[in-house]
Amino acid sequence: MEDCIFCKIAKGDIPCEKIYEDEEILAFLDIAPVNIGHTLVIPKKHFKNIYETPDDTSAKMMLVAKKISTAIKALPSDGVNITMNNDPAAGQVVFHSHIHIIPRLENDGFGIWSSKRSYEEGEGEETARKITQGL
Ligand code: 5GP
Ligand code: ZN
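Residues numbered from 1 in each chain as written. Chains lettered and ligands numbered in written order. Predicted model: local features only at pLDDT ≥ 70, side-chain atom pairs only at ≥ 80, totals over all residues. Heavy atoms only, no water.

What follows concerns the overall build of the protein chain. Along its length, the protein chain carries three helices and five strands. Reading the secondary structure of the protein chain in the N-to-C direction produces α-β-β-β-α-β-β-α. Each of the three principal axes of the protein chain carries a C-alpha extent, and together these read 55 × 35 × 25 Å. Burial analysis of the protein chain (135 residues in total) assigns 29% to the buried set. Once local pairs closer than 6 in sequence are excluded, the contacts in the protein chain between residues at least 24 apart make up 54%. Of the accessible surface of the protein chain, which amounts to about 9,300 Å², a share of 55% is contributed by carbon and sulfur atoms. Charged side chains of the protein chain number 15 positive and 21 negative; the gap between the two group centres comes to 3 Å. (Helix = DSSP H or I, 4+ residues; strand = E, 2+ residues; numbered from the N terminus. Buried < 20%, exposed > 50% of the residue type's maximum accessible area, 1.4 Å probe, protein only. Contact = heavy atoms within 4.5 Å. Areas by Shrake-Rupley, 256 points an atom, 1.4 Å probe, with all protein chains shown as cover. Lys, Arg positive; Asp, Glu negative; His and termini not counted. Charge placed at Lys NZ, Arg CZ, Asp CG, Glu CD.)

Given below as structure tokens:
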């Protein structure tokens, strides 16, 4: 897709620090890492987000994410977060489907959940019902 930065990276028009590549998937270092080794896994074809990415492509992205998460143990890292931002409210800035692999260090201060809440009486049950209806 024209004007998509990750399509340009996938085509080789913009350079990246490549971590993994096969016919369908590319992984490279995030230009602005949360921690050293922060890696992005993308499909080479343009899909906007998780909703538009075909299931088999999503599955391949996750397999690559697992492979890289294991290899990342070569770096100083005490754990890893695997995240995907979908739509602006969830923090998606680049609208080409991607998974973040974020190496974590003890006490690195990076908080994924700034706050957590609890359910009111019956609210959890109602919420589960709404979600499962859509499956
Ligand atoms: P999002 O917020 O959309 O989930 O994450 C997009 C990520 O892409 C950000 O973490 C940002 O640092 C990274 N990014 C944006 N532009 C480039 C780029 O040109 N090269 C690389 N390697 N990463 C980029
Ligand atoms: Zn794209």
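There is more to say, and it comes next.
Backbone hydrogen bonds hold the strands of a sheet together, and the pairing may be parallel or antiparallel. The sheet built from five strands is open, its strands ordered 1-2-3-5-4 with antiparallel pairing. Only two strands of the sheet have a single neighbouring strand rather than two, namely strand 1 (18–21) and strand 4 (79–83). This sheet shows a mean twist of 15 degrees between the axes of neighbouring strands, independent of strand direction. As defined by bridge partners, strand 2 (residues 25–29) adjoins strand 3 (residues 39–43) across five bridges and the pair is classed as antiparallel. Within the sheet, the bridge partner assigned to Phe28 lies in strand 3 and is Leu40. In the packing of helix 2 (residues 55–71) onto the sheet, contacts are made with strand 1, strand 2, strand 3, strand 4 and strand 5 (99–104), and the angle to strand 3 comes to roughly 155 degrees. (Pairing = 2+ DSSP bridges. Axes fitted to C-alpha atoms, helices over the stretch in contact; angles between N-to-C directions.)

Okay, the pairing of strand 1 next. Taken residue by residue, a regular strand's side chains alternate between the two faces of the sheet. As judged from the three bridges shared by strand 1 and strand 2, these two strands associate in the antiparallel manner. Looking at strand 2, one finds that Glu21 is bridged to Leu26. Adjacent in sequence and paired antiparallel, strand 1 and strand 2 are bridged by three residues.

With that settled, the discussion passes to the site of ligand 1. The full set close to ligand 1 counts 16 residues, and Asp30, Gly91, Val93, His98 and His100 are the nearest of them. Between an oxygen atom of ligand 1 and a side-chain N or O atom of His100, the distance comes to 2.8 Å. Surface burial for ligand 1 is 82%, taken as the share of its 520 Å² of free accessible area covered by protein chains. Broken down by secondary-structure element, the contributors of at least two residues to the shell around ligand 1 are helix 1 (5–11) and strand 2. With three residues, helix 1 is the single largest residue contributor to the shell around ligand 1. Looking at the shell around ligand 1 residue by residue, the classes come out as 10 nonpolar, five polar and one charged. (Near = heavy atom within 4 Å. Polar contact = N/O pair within 3.5 Å; in protein donor to acceptor, adjacent residues only side chain to side chain. Nonpolar A, V, L, I, M, F, W, Y, C, P; charged D, E, K, R; others polar.)

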